[in-house]
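A structural walkthrough
The residues making up each chain are set out below.
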Amino acid sequence: MKKIKIQNQPFGPFPTMIIGADVNGKPNYVTVGACGVVSLKPVLYVSLKSTHYTTPGVKENGYFSVNIPPISMVEQTDYCGIVSGKTVDKSSLFTPFYDELGRAPMIKECSMNFLCKVIQVIPLFDFEMFLGEIVAVYVNEDCITDGKPNPLKLNPIIMMGASYYSLNEVVGNLFRTGLKLSENK
Ligand SMILES: Cc1cc2nc3c(=O)[nH]c(=O)nc-3n(C[C@H](O)[C@H](O)[C@H](O)COP(=O)(O)O)c2cc1C
């Protein structure tokens, strides 16, 4: 197959997450693609533009939440990435809930929620990368199968290029599917 060389730009796939933080005493929510794991530790990173309304809220409280919206929330999710808390009050878009371990609003309507305590802030260009230790995790009861979160029931939104996508099917199992190759040798 011939390869076509294109622009030096990330393309995805990226997870679509909604980050929650209290800002000026009210919940605010921002949609991000720059969010994920950094090692095998229970730590998530999120990169937020320094000028976003949410960013000082994360710094002041020392906590943020990472919320996985299901595909049914794609409209609200995109909206949180279009409007800023500087001009639009996003506090009543969702039902917030809190854990005693840290001050960050988690979103009831999202299928899974992580409460993270900021342990490191890394300035990156005009963004700040927050490393957050996971201090609490919540999952909707109906998204659990055999005691574990079921990705197809969580139904996360994946972003790639200019569109949002859903998970479709299981195509393999971690650390198992590849074993077939060693069995054949
Ligand atoms: C799909 C999508 C992905 C985004 N990813 C990021 C991101 O990773 N980091 C970031 O700082 N902003 C990201 N943004 C932009 C912010 O969500 C947007 O500027 C938002 O309005 C900022 O809200 P705030 O000012 O209330 O914090 C993204 C927006 C969309 C629609």
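As a starting point, this report considers the structure included with it. (Residues numbered from 1 in each chain as written. Predicted model: local features only at pLDDT ≥ 70, side-chain atom pairs only at ≥ 80, totals over all residues. Heavy atoms only, no water.)

1. Concerning the pairing of strand S10 (residues 127-139)
- Relative to S10, strand S5 (residues 43-49) runs antiparallel, the two sharing seven bridges. Bridge pairing links Val43 to Glu133 in S10.
- The turn linking strand S9 (residues 112-124) back onto S10 is made up of two residues, and Phe125 within it adopts a positive phi angle of 50°. (Pairing = 2+ DSSP bridges. Helix = DSSP H or I, 4+ residues; strand = E, 2+ residues; numbered from the N terminus.)

2. Quick look at the pattern of salt bridges
- The tally for this structure, following the rule as stated, stands at three salt bridges.
- Linking Asp22 and Arg103 is a salt bridge whose minimum nitrogen-to-oxygen distance equals 3.0 Å. One end of the pair, Asp22, is in strand S2 (residues 17-23); the other, Arg103, is in strand S8 (residues 102-107), with 81 residues separating them in the sequence.
- A relative accessible area of 45% places Arg103 in the partly exposed class.
- Note that Glu128 and Lys59 form a salt bridge whose closest N and O atoms lie 2.6 Å from each other. Taken together, the residues span a long stretch of sequence, with Glu128 in strand S10 and Lys59 in helix H1 (residues 54-61) at a distance of 69 residues.
- Given a relative accessible area of 11%, Glu128 falls into the buried group. (Salt bridge = Lys/Arg side-chain N within 4 Å of Asp/Glu carboxyl O. Buried < 20%, exposed > 50% of the residue type's maximum accessible area, 1.4 Å probe, protein only.)

3. Section: the nonpolar core
- If you look at the biggest cluster of nonpolar residues, it comprises 19 residues, and the most contacted ones within it are Ile19, Val32, Val46, Leu48, Phe64, Val66 and Phe114.
- The set of elements that each furnish at least two residues to this core consists of S2, strand S3 (26-32), S5, strand S6 (63-68) and S9.
- Setting aside chain neighbours within four positions, we find Val32 in contact with Pro15, Thr16, Met17, Ile19, Val46, Ser47, Leu48 and Met159.
- Judged by nonpolar contacts, the second largest core, of seven residues, contains Tyr29, Met73, Phe94 and Ile107. (Core = buried A, V, L, I, M, F, W, Y, C linked by side-chain atoms within 4.5 Å. Contact = heavy atoms within 4.5 Å.)

4. Points about the site of the ligand
- Near the ligand lie 23 residues; those nearest to it are Thr31, Thr54, Val83, Ser84 and Gly85.
- Taken by itself the ligand offers 640 Å² of open surface, and the protein chains cover 82% of this.
- Going through the elements one at a time, S3, S5 and helix H2 (74-80) are the ones with two or more residues in the shell around the ligand.
- When residues in the shell around the ligand are grouped by element, the largest group, four residues, is from S3.
- Looking at side-chain class alone, the shell around the ligand contains eleven nonpolar, nine polar and three charged residues. (Near = heavy atom within 4 Å. Areas by Shrake-Rupley, 256 points an atom, 1.4 Å probe, with all protein chains shown as cover. Nonpolar A, V, L, I, M, F, W, Y, C, P; charged D, E, K, R; others polar.)

5. Considering the pairing of S2
- By the criterion of burial, S2 is predominantly enclosed, with seven of the seven residues buried.
- Covered by surrounding structure in S2 are Met17, Ile19, Ala21 and Val23 together with Ile18, Gly20 and Asp22, the residues of both alternating faces.
- Two strands pair when backbone bridges link them, and S2 and S3 are joined in this way by seven bridges, in the antiparallel orientation. Residue Ile18 lies in a different strand from S3, and its bridge partner there is Thr31.
- Hairpin connection of S2 to S3: two residues between the antiparallel strands, including Asn24 at a positive phi of 50°.
- Where S2 lies against S6, three bridges are found, and the strand directions are antiparallel. Its bridge partner lying in S6, Gly20 is registered against Ser65.

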